[in-house]
Amino acid sequence: MVEESRNLNTDVILSFCQNFILRHPNPWPPDEQALANEFVSYFASFNFLVISDLEKYCTATGIELTKKSLPSDLLAANCYPNGKRKIDLNDHSEYLFIQPHTVLHEIRELLEYSFRDLGYPITDLSEIESRADQFASLVMVCGGEKIWTKLFKDALEIESGLWKFAAVVLIGFCAVSVTAHAYLSATYPYRQDRQSENHPNQRYLT
Amino acid sequence: MGRTCSPMGSFNATFPQLIKSSCSICAFCGLSTARLIMLRYGLCARVSDMDGFGAYVRRLRQSCGLTLKEVEKQGVASNAYLSQLERGLRKRPHPDILKKMAVVYGEPLKNLMIEAGYLPPETERERTREETERAFEKVQKDAGFPHGARRRRLQLSLEAKRYFVELYEKTTGRSIN
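Nothing here was measured: the structure is a model prediction, and the numbers come from that model.

Thresholds, definitions, all that
- Residues numbered from 1 in each chain as written.
- Chains lettered and ligands numbered in written order.
- Predicted model: local features only at pLDDT ≥ 70, side-chain atom pairs only at ≥ 80, totals over all residues.
- Helix = DSSP H or I, 4+ residues; strand = E, 2+ residues; numbered from the N terminus.
- Buried ≥ 20, exposed ≤ 12 C-beta atoms within 10 Å, placed from the backbone.
- Contact = placed C-beta atoms within 7 Å.
- Nonpolar A, V, L, I, M, F, W, Y, C, P; charged D, E, K, R; others polar.
- Core = buried A, V, L, I, M, F, W, Y, C linked by C-beta atoms within 7 Å.
- Pairing = 2+ DSSP bridges.
- pLDDT = per-residue confidence, 0-100.
- Expected span 1.5 Å × (residues − 1).
- Axes fitted to C-alpha atoms, helices over the stretch in contact; angles between N-to-C directions.

1. As for the overall build of chain A
When helices and strands are counted, chain A shows 7 helices and 3 strands. When the elements of chain A are put in sequence order from the N terminus, they spell out α-α-α-α-β-β-β-α-α-α. Burial statistics for chain A: of 206 residues in total, 33% are counted as buried. Pairs at least 24 residues apart make up 60% of the contacts formed inside chain A by residues separated by at least 6 positions.

Laid out in structure tokens, this is it:
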């Protein structure tokens, strides 16, 4: 019980940022690959590929994640007032399949606020969007790697050659699909914007 | 003249009463059974809401010195329809009719659209936009409220700015005047 309440009182995200700064002092600022790798290994108990696990992650780390109807040009929004972290996620069906990527994008922005609090900003605000997209894709790929490696190992233990081959092909296909999805999710809002420029009626009118 | 209906009397009738007692489209008010049912269940505006618009279009017509028949000849709508509209017995006309009225009465279409309720009053719309823009600037300047969004476009829409202002007020407990 004591242990539990101590965990609840600890700012896990701030702890992660402190830990990261200690482990990666040089070169500073680090690249997103290093941050994504650390993030996945620090929070190893979560699967960052599915939204339900990301919801659990947010609950565990004190991030208030709410799915709601947002203005249609927003996929999600975050804020960090008085040390309280909050993410509002657009529940529009159009954005459903990129929700994990979007939540990770917002988490990256929340991490940046904590790095700033600690006096170690990684990036300035003009670059935060592209870096958050990069981070989200890398976390999905790194998080997926763990799963695919384990599945490959299990598949290799199958005795029948044909079934082993089929399993390896299937897992390989899933791995490639998830990786492609992670990278395509990063560019989705920009592709949508380009499409809507060609079709003005699709644009959100103010 | 056939049996007439009383739209406002029927307005408070229950669904079975409406079915039982309603007339078909009668010569007096032109309200159909379907319309009465829609009125009863709040699916469309009450005809009396259009009284103001009716008086407005009548003033426009009279200021042009036109009779209903003359307006009809110019292809706006039938004089019976225009008469009902001016008496507040018709719901707001389709924008196509408003376009024709704008030409005949020499009134800007925007004014007709505002009066008919298709557009909010200009002053109200401008004030809301300006206020939102000003409030959003304050939100952006507040260093104690770091915030961000993943968005489809580089420029935030007015709705998105309004959302951030509301989020700011809700999470910080401070209000922006």
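Right, picking up where we left off after that structure.
2. Quick notes on the environment of Tyr95 of chain A
Residue and element names in this part refer to chain A. Here Tyr95 shows up in the loop between strand S3 (85-90) and helix H5 (99-117). Once the C-alpha coordinates of Tyr95 and Pro189 are considered, the two residues, 94 residues apart in sequence, prove to be 9.3 Å apart. Every residue in contact with Tyr95, bar those within four places of it in the chain, is listed here: Leu75, Asn90 and Thr102.

3. Overview of the interface of chain A and chain B
Contact residues are listed per partner, giving 23 residues for chain A and 19 residues for chain B. Where the side of chain A that touches chain B is concerned, the elements lending two or more residues are strand S2 (74-79), H5 and helix H7 (161-198) of chain A. Ranked by residues supplied to the side of chain A that touches chain B, first place goes to S2 of chain A with 6 residues. Within the side of chain A that touches chain B, the residues separate by chemical class into 13 nonpolar, 5 polar and 5 charged.

4. Section: the nonpolar core
Counting 49 residues, the largest nonpolar core has Ala76, Val103, Leu104, Phe135 and Val139 of chain A together with Phe164 of chain B as the members making the most contacts within it. Among the elements that line this core, the one with the most residues is helix H6 (residues 128-156) of chain A, at 7 residues. Ignoring sequence-local partners within four residues, the contact set of Phe135 of chain A consists of Glu32, Leu35, Ala36, Leu104 and Arg108 of chain A. Judged by nonpolar contacts, the second largest core, of 13 residues, contains Phe53, Leu60, Val76 and Ala77 of chain B.

5. Brief notes about the pairing of strand S1 (residues 147-151) of chain B
Judged by how many residues are buried, S1 of chain B sits mostly within the fold: 4 of 5 residues are covered. As paired strands, S2 of chain A and S1 of chain B are joined by 5 bridges and run antiparallel to one another. Each bridged residue has a counterpart across the sheet, and for Cys79 of chain A the counterpart in S1 of chain B is His147 of chain B.

6. Some details on the environment of Asp73 of chain A
Residue and element names in this part refer to chain A. Mapped onto the secondary structure, Asp73 falls in the loop between strand S1 (63-68) and S2. The exposure class of Asp73 is buried, given the 23 C-beta atoms found within 10 Å. Along the primary structure Asp73 and Asn90 are separated by 17 residues, whereas in three dimensions their C-alpha atoms are 9.5 Å apart.

7. Thoughts on the confidence of the model for chain A
Averaged over all residues, the pLDDT of chain A is 84; the fraction at 70 or higher stands at 88%. When the criterion is pLDDT under 50, residues 199-206 of chain A qualifies, and its contacts beyond four places in sequence or with other chains add up to 10 contacts.

8. A closer look at helix H10 (residues 158-172) of chain B
Residues and elements named next belong to chain B. Between its first and last C-alpha atoms H10 spans 21 Å; for 15 residues at 1.5 Å apiece the expected length is 21 Å, and the two agree. Residues of H10 that are buried include every one of Ala160, Lys161, Arg162, Tyr163, Phe164, Val165, Leu167 and Tyr168, and no others. Count one or two residues on from H10 and you reach Gly173, which has phi positive near 75 degrees.

9. Side note on the sheet that holds S3 of chain A
Taken in spatial order, the 4 strands line up as S1(A)-S3(A)-S2(A)-S1(B) in an open sheet, and their pairing is mixed. A strand with exactly one partner marks an edge of an open sheet, and here the two such strands are S1 of chain A together with S1 of chain B. Each neighbouring strand pair of the sheet contributes to a mean axis angle of 15 degrees, computed without reference to strand direction. Sheet topology places S2 of chain A next to S3 of chain A; 4 bridges connect them, and they run antiparallel. Along S3 of chain A, the bridge assignment pairs Cys79 of chain A with Lys86 of chain A. Sheet contacts for H10 of chain B: S2 and S3 of chain A together with S1 of chain B; angle to S2 of chain A, the most-contacted strand, approximately 30 degrees.

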